[in-house]
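Here are the chains, one letter per residue:
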Amino acid sequence: MASVLCVLFSVTEDRSVEAWSMKSFLGFGTCLYSTAFASALAFVVTAWCISKRGPLYVSMFSPIALVIVAVLDWALMDGEIYVGSVVGSVSIAIGLYAVLWGKGQEAKESFNAQKISAAHHKSSDFQEQV
């Protein structure tokens, strides 16, 4: 979708063929890196995270990219931070923490239920032997 929007914007703003040509090796290398390496790395890390912790964690950490972009824009490009950006970032962080806390509680309850079930199973096996 980003490529389609870039093409539409480029066609409407500058119709010359020179605007589409790569003028330097650095520009070509940057395009190649961002499309091939960065996309592949993101796919591999996402697949690995899904296999380790499940899809909930991956989907919950995706909004953190918005917070990172806002902070990097401010730190590296001297961008302005607005109240809405801060409120949105805090909301994202609170939501992420709440989901992770809930998953932690769910994991504890599941672990305790397994322990109780295992203890009950052992006691019933012992009673059968007696």
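Cut-offs applied
Residues numbered from 1 in each chain as written. Predicted model: local features only at pLDDT ≥ 70, side-chain atom pairs only at ≥ 80, totals over all residues. Heavy atoms only, no water. UniProt positions renumbered as here; feature names shortened; annotations may be inferred. Helix = DSSP H or I, 4+ residues; strand = E, 2+ residues; numbered from the N terminus. Patch = residues over 30% accessible without salt bridge, like charges linked within 9 Å, V, L, I, M, F, W, Y side chains within 5 Å. Areas by Shrake-Rupley, 256 points an atom, 1.4 Å probe, with all protein chains shown as cover. Salt bridge = Lys/Arg side-chain N within 4 Å of Asp/Glu carboxyl O. Buried < 20%, exposed > 50% of the residue type's maximum accessible area, 1.4 Å probe, protein only. pLDDT = per-residue confidence, 0-100. Expected span 1.5 Å × (residues − 1).

Draft legend 1. Region of the structure containing the UniProt feature "transmembrane region" (unreviewed entry) in the chain. The feature "transmembrane region" (unreviewed entry), as given by UniProt, occupies residues 26-49, 56-75 and 81-100 in the numbering adopted here. Strand forms 0% of residues 26-49 and helix 100%; the C-alpha atoms that close the span are 32 Å apart. Strand forms 0% of residues 81-100 and helix 90%; the C-alpha atoms that close the span are 27 Å apart.

Draft legend 2. Structural detail: a nonpolar patch on the surface. Taken together, the side chains of V71, W74, I81, V86, V90 and I94 make up a nonpolar region of the molecular surface, amounting to roughly 560 Å² of accessible area. For the nonpolar patch, the secondary structure elements donating two or more residues are α4 (64-77) and α5 (83-129). Looking at the element boundaries, I81 is found in the loop between α4 and α5. Its relative accessible area of 42% is what places I81 among the partly exposed residues.

Draft legend 3. Representation of unusual backbone geometry within the structure. Located in the positive-phi region is D78, a residue other than glycine, with phi close to 55°. Within the fold, D78 resides in the loop between α4 and α5.

Draft legend 4. Structural detail: the confidence of the model for the chain. Averaged over every residue, the pLDDT of the chain is 80; the share at 70 or more is 91%. Confidence scores differ between elements of the chain, with helix α3 (residues 55-61) showing the lowest mean pLDDT of 76 and helix α2 (residues 25-53) the highest of 84.

Draft legend 5. Molecular detail of helix α1 (residues 2-13). Counted at 1.5 Å a residue, the expected span for α1 with its 12 residues is 16 Å, and the 16 Å between its end C-alpha atoms agrees. The buried fraction of α1 is low, at zero of 12 residues.

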